[in-house]
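# Residue-level structural notes
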Amino acid sequence: MPEETIYQHMQGKGVSRRDFLKLSGLLAAAMGLTAVPPLEESGLPKEVVKGQAAQTQQMVARALETKQRLPVIWLNFQDCTGCTEAISRSVSPSLTNLVLNTLTIEYHETLSAATGFQLEQAKKDAMEKYAGKYVLVVEGSIPLDLDGAYCVIGGRTALDLLKEAAAGAAAIIATGNCASFGGLPKAKPNPTGAKGVWEIITDKPVVNISGCPAIPEATTGTIAHFAIFGALPELDGLHRPKAFYGKTIHDRCLRRPFYEAGKFAMSFDDEGAKEGWCLYKLGCKGPTTYSSCATIKWDEGLSFPIQSGHPCLGCTEPDFWDGGGFYQGQSAPLNRPTAVAAGAAVGAGVALGIGNALVNQAKKKAKGGEA
Amino acid sequence: MNWQATLEFARGPFFYAALLFMLFGLAYRLVTVIGLGWSKDRVPDKGSKAAGVVKTFLKALLIWPFIPWVKNTFTKNPLIYIGGGLFHLALFTTLILGAPHMLVWKSLSGLSWPTLPLPIVDWMAAVGIIAMLMLLVNRRINPVLKLISGPAEYLSWLFVFLPMVTGYMMTHHLWFQYEVLYSLHMLSVDVMMIWIPLSRISHFIFYFFARAIHGAEFGKRGVAV
């Protein structure tokens, strides 16, 4: 129950003090806390706030000891549930465990045992009980065309549901590229008029945890950050936490030395591919893609796309579905003139040139010079 | 400012329009110049025109660059000769043998080829940038050059310099985020492509025609090229 602190809840589950401190350290690391963030709004005890030099681990431990559990409401709209899949299957023990078991997810369509009206009632109750306190997580884009008729749940449009839930939320976390920037539903020609959350809700803080799916540690890490510090982490221009989206894939890529050395795989089955050379020429979007795939990786740090031999698709960036071919070098222009278009341009130039030449020759003749 | 959208514009519609304008403009100017015609030359040929053309290209591309000191253009203006030579070498190395640029050619033409390692291309780019700065200083110091340089010359310098310097900064992630520099690089490239047919940068096409005409004239008169 939210009245007990997070630590008390974990004690109840049989977590030892030693394991608890370990978890605190892990959490601090996972959230990318190298230094203590601004704490005025965190609501932590004064002696903790004052001790700015304190270890981040102690900070997290103290926060977990004093803070109450954080209610989370999770809405699914135009999505594939891939982000939920990623979180529920992520093996990363500390963060996911914290979010799924220790924080209270009050409403989640996919993970709930209850269905139908019963579940809708539970959501309504939670929103009333924790008004102004809960974190709203959104997965999937919101269609605006046809008055939102493309996505209707329980007879209400996604837009309606989002606005209702956002009104009482303390903060909103958009997980996945769809909820952040519109994602696949927004790809040209965007038939449903899909939009990301931050384009619709402008009066509340919205964090974008983009990705397809979002890295589970980034989603849970951000929720944990809010639970612990009572504030959202530092964000970049696209509202993504800098801790997870501060560097490009290219910056941290294990194949980067091959890029520098000019060793590239030219196809998916050549010698270069077998040697693990750089995938830039196979369309890797790593240089313009801000994400921590290359460091956090997936499946308990097992691998990530580039390590497994596939170029980065750039899935944490807006409109990545329309950002040029997935297998076309990322320096290549997005619009290429066809032979016909190029020929027409040259032809027009030639025609105009001939016209000009004829005029010039006529002038020359009129002047009496030799032709 | 939304740099991703700027980048999409600079790599997409703007690039497309600039490329077509460049093709149109170059074709127009070339045909106009050729269409001016030649005066009738009734003097009988003393040698082969075709041989003159072949000789001039062979000498210009394979011999003079390697023994420049036999030419007045070198001995009188070594700085321009070396600076200009290094600039062109650097430019073509980067544009043709740099991996990202090769991918541009590949996407446009379907042809691909092996590329040089980044550090080599990188040093060449640095050489090109330094050469351009040297040439600009020279242009400001040399009284004759200064006199014959108008806004068009300085704009040509600027529109070539900007893509080079933004490209270099982009490779090294200097000061700005990558997509910002990438946007600036593409925007400056687009502007340069529009400027090319309007300016003397078009010499990269006209050079070959001018050289061929001179070679033919020399060949016809049986003069050493």
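Here goes a summary of the coordinates provided. These numbers were taken from a predicted model, which means no experiment stands behind them.

Criteria and thresholds
Residues numbered from 1 in each chain as written. Chains lettered and ligands numbered in written order. Predicted model: local features only at pLDDT ≥ 70, side-chain atom pairs only at ≥ 80, totals over all residues. Heavy atoms only, no water. Helix = DSSP H or I, 4+ residues; strand = E, 2+ residues; numbered from the N terminus. Buried < 20%, exposed > 50% of the residue type's maximum accessible area, 1.4 Å probe, protein only. Contact = heavy atoms within 4.5 Å. Axes fitted to C-alpha atoms, helices over the stretch in contact; angles between N-to-C directions. Nonpolar A, V, L, I, M, F, W, Y, C, P; charged D, E, K, R; others polar. Pairing = 2+ DSSP bridges. Salt bridge = Lys/Arg side-chain N within 4 Å of Asp/Glu carboxyl O. Polar contact = N/O pair within 3.5 Å; in protein donor to acceptor, adjacent residues only side chain to side chain. Disulfide = S-S within 2.5 Å. Expected span 1.5 Å × (residues − 1). Phe/Tyr/Trp six-rings, centres within 6.5 Å; stacked < 30°, edge-to-face > 60°.

## Topic: the overall build of chain B
Scanning chain B from terminus to terminus reveals 11 helices and 0 strands. Secondary structure elements of chain B occur, N-terminal to C-terminal, as α-α-α-α-α-α-α-α-α-α-α. If you line up chain B on its principal axes, its C-alpha atoms span 65 × 40 × 35 Å. Out of the 225 residues belonging to chain B, those deemed buried represent 40%. Within chain B, contacts between residues at least 6 apart in sequence are counted, and of these 71% link residues at least 24 apart.

## Some thoughts on the packing of helix H5 (residues 78–97) of chain B against helix H6 (residues 99–109) of chain B
What describes two packed helices is the angle between their axes and the distance between those same axes. Residue and element names in this part refer to chain B. Where H5 contacts H6, the two axes come as close as 5 Å, and the packing angle between them is 65 degrees. Where H5 abuts H6, its residues Thr94, Leu95, Ile96 and Leu97 lie against Ala99, His101, Met102 and Trp105. Of the residues in the contact of H5 with H6, the class split is 6 nonpolar, 2 polar and no charged.

## A closer look at the pairing of strand E1 (residues 71–76) of chain A
Residues and elements named next belong to chain A. Extensive coverage of E1 is indicated by the burial of 6 of its 6 residues. Of the strand pairs in this sheet, E1 and strand E2 (residues 104–108) are connected by 4 bridges, and their pairing is parallel. Its bridge partner lying in E2, Val72 is registered against Ile105. Summarising the sheet, E1 and strand E3 (residues 135–139) pair through 5 bridges and their orientation is parallel. By the bridge assignment for E3, Leu75 is matched with Val138.

## Comments concerning the side chain of Thr316 of chain A
Residues and elements named next belong to chain A. Position of Thr316 among the secondary structure elements: in the loop between helix H16 (293–296) and helix H17 (339–367). A residue is classified by how much of its surface remains accessible, and Thr316, at 2% relative accessible area, is buried. For Thr316, the contacting residues outside a window of four places in its chain are Asn177, Phe181, Ser210, Gly211, Arg240, Tyr245, Thr289, Tyr290 and Ser291.

## So, the interface of chain A and chain B
The partner chain B presents 38 residues to the 45 residues of chain A that form the contact. Our count for the chain A to chain B interface comes out at 0 salt bridges. Viewed at the interface, chain B and chain A are joined by 10 residue pairs in polar contact (both at pLDDT 80 or more). Those elements giving two or more residues to the side of chain A that touches chain B turn out to be helix H14 (256–260) and H17 of chain A. The element contributing the most residues to the side of chain A that touches chain B is H17 of chain A, with 15 residues. Here the residues of the side of chain A that touches chain B sort into 21 nonpolar, 14 polar and 10 charged.

## Here we look at the state of the cysteines
Cysteine pairs can be covalently joined through their sulfur atoms, and such a bond is termed a disulfide. Residues and elements named next belong to chain A. Across all of its chains, the model carries 0 disulfides over all chains by this definition. The thiol sulfur of Cys312 is not disulfide-bonded, and the nearest other cysteine sulfur, from Cys284, lies at 5.1 Å. Residue Cys312 is classed as buried on the basis of its relative accessible area of 10%. Free of any disulfide, Cys315 has its nearest neighbouring cysteine sulfur in Cys212, separated by 5.7 Å. A residue is classified by how much of its surface remains accessible, and Cys315, at 18% relative accessible area, is buried.

## A short note on helix H12 (residues 216–229) of chain A
All names here are of chain A. Taking 1.5 Å of rise per residue, the 14 residues of H12 would be expected to cover 20 Å, and the 20 Å separating its terminal C-alpha atoms lies within 8% of that figure. Burial within H12 is extensive, with 14 of its 14 residues counted as buried. At the exit of H12 stands Gly230, carrying a positive phi of roughly 70 degrees.

## Regarding unusual backbone geometry
Residue and element names in this part refer to chain A. Lys188 connects to Pro189 through a cis peptide bond whose omega is 5 degrees. Mapped onto the elements of the fold, Pro189 is located in the loop between helix H10 (183–186) and strand E8 (194–195). A cis amide bond links Cys212 to the next residue, Pro213, at an omega of -5 degrees. Even without being a glycine, His239 presents a positive backbone phi close to 65 degrees. Tracing the backbone shows His239 in the loop between H12 and helix H13 (242–245). Positive phi, close to 60 degrees, is recorded for Lys297, a residue that is not glycine. Topologically, Lys297 is positioned in the loop between H16 and H17.

## With respect to the sheet that holds E1 of chain A
Residue and element names in this part refer to chain A. The 5 strands are arranged E2-E1-E3-E7-E9 in an open sheet whose pairing can be described as parallel. The sheet is open, and its two borders are formed by E2 and strand E9 (206–209), each paired with just one other strand. Adjacent strand axes in the sheet meet at a mean angle of 20 degrees, parallel and antiparallel pairs treated alike. Sheet topology places E3 next to strand E7 (residues 171–175); 5 bridges connect them, and they run parallel. Bridge pairing in E7 places Leu136 opposite Ile172.

## With respect to the packing of aromatic side chains
Under the criterion given, the structure shown has 15 aromatic pairs over all chains. Aromatic side chains Phe320 of chain A and Phe326 of chain A sit 6.2 Å apart centroid to centroid with 20 degrees between the ring planes, which places their arrangement in the stacked category. Residue classification places Phe320 of chain A among the buried residues on the basis of a relative accessible area of 6%. Their ring planes at 85 degrees and their centres at 5.1 Å tell us that Tyr207 of chain B and Phe208 of chain B sit as a pair that is edge-to-face. Judged by its relative accessible area of 31%, Tyr207 of chain B is partly exposed. Aromatic ring contacts, followed pair by pair, group Tyr259, Phe264 and Tyr280 of chain A into a single cluster.

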